[in-house]
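Structural description and commentary
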Amino acid sequence: MESRTASCYCGQLRIEVQGRTLGAGVCHCLACQRRTGSVFAALAGYAAPWKIEGTATEFVRTGDQGASFRFRFCPVCGSQVFHTEEGNDAFVMVAVGAFADPDFPPPQDSVYECRRHAWVQLPEGITRYDKDPD
């Protein structure tokens, strides 16, 4: 079975995921912009099981639809590596940049297009949502 490992900048916090990605996307919401320090978050979803190595600092945020998400950061270098939805351990969302793989597949969808910076160009054919489709 295919596996991938994502890690923080210093390598202290790592997550190994199994199998193919459930999908990848970008989020332009203001919370993701602030959380990542970038103009959008790039995320890839994976089904359980996964293996975590290292110590994480956690931050819980409530989304627009009322779900709570637990973000895991490295307490040493501050990199955000992955997050899960509270009460749903069936999948994990991993920050695409934490894989450090320039050949990682492009995103299939883009959410919160209403907050996308006008200069951000995305792949042709990507599914776009003005806000969160859930």
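See the structure above.
In this report, the structure presented in the accompanying data block is examined. (Residues numbered from 1 in each chain as written. Predicted model: local features only at pLDDT ≥ 70, side-chain atom pairs only at ≥ 80, totals over all residues. Heavy atoms only, no water.)

**Observations concerning the overall build of the chain**
- From N to C terminus, the chain includes one helix and eleven strands.
- Starting at the N terminus, the α and β elements of the chain follow one another as β-β-β-α-β-β-β-β-β-β-β-β.
- Here the C-alpha coordinates of the chain stretch approximately 35 × 30 × 25 Å along the principal axes.
- Per-residue burial over the chain gives 35% buried out of 134 residues. (Helix = DSSP H or I, 4+ residues; strand = E, 2+ residues; numbered from the N terminus. Buried < 20%, exposed > 50% of the residue type's maximum accessible area, 1.4 Å probe, protein only.)

**What to know about the environment of Leu22**
- Position of Leu22 among the secondary structure elements: in the loop between β2 (14–18) and β3 (23–27).
- Given a relative accessible area of 58%, Leu22 falls into the exposed group.
- For Leu22 and Ala44, which are 22 residues apart along the polypeptide, the C-alpha to C-alpha distance reads 7.2 Å.
- Those residues within four positions of Leu22 in sequence are excluded, and the remaining contacts are Gly45, Tyr46, Ala47 and Phe91. (Contact = heavy atoms within 4.5 Å.)

**Focus on the sheet that holds β2**
- In space, the three strands of this open sheet follow the order β1-β2-β5, with antiparallel pairing throughout. Looking at the sheet topology across the chains shown, the edges are occupied by β1 (3–7) and β5 (50–53). When the angles between neighbouring strand axes are averaged without regard to direction, this sheet yields 15°.
- With four bridges joining them, β2 and β5 adopt antiparallel strand pairing. Residue pairing across strands places Val17 opposite Trp50, the latter belonging to β5. (Pairing = 2+ DSSP bridges. Axes fitted to C-alpha atoms, helices over the stretch in contact; angles between N-to-C directions.)

**Some words on the pairing of strand β4 (residues 41–47)**
- Burial analysis of β4 places five of its seven residues in the buried class, which makes it a mostly covered element.
- With five bridges connecting them, β3 and β4 associate as antiparallel partners. Pairing of Val26 across the sheet is with Ala42, part of β4.
- Looking at chain direction, β4 and strand β9 (residues 88–95) are connected through five bridges and run antiparallel. Within β9, the residue paired with Tyr46 across the bridge is Val92.

**Considering the nonpolar core**
- Counting 18 residues, the largest nonpolar core has Ile15, Tyr46, Val81 and Val94 as the members making the most contacts within it.
- In terms of residue count, β9 provides more of this core than any other element does, three residues in total.
- Counting residues in hydrophobic clusters, the runner-up holds eight residues, among them Cys27, Cys32, Val111 and Tyr112. (Core = buried A, V, L, I, M, F, W, Y, C linked by side-chain atoms within 4.5 Å.)

**Considering the sheet that holds strand β7 (residues 68–73)**
- Taken together, eight strands build an open sheet; the order of strands is β6-β7-β8-β9-β4-β3-β10-β11 and the sheet is mixed. On the outer flanks of this sheet lie β6 (57–62) and β11 (127–128), each paired with one strand and no other.
- Pairing between strand β8 (residues 80–85) and β9: three bridges, direction antiparallel. Residue pairing across strands places Phe82 opposite Val94, the latter belonging to β9.

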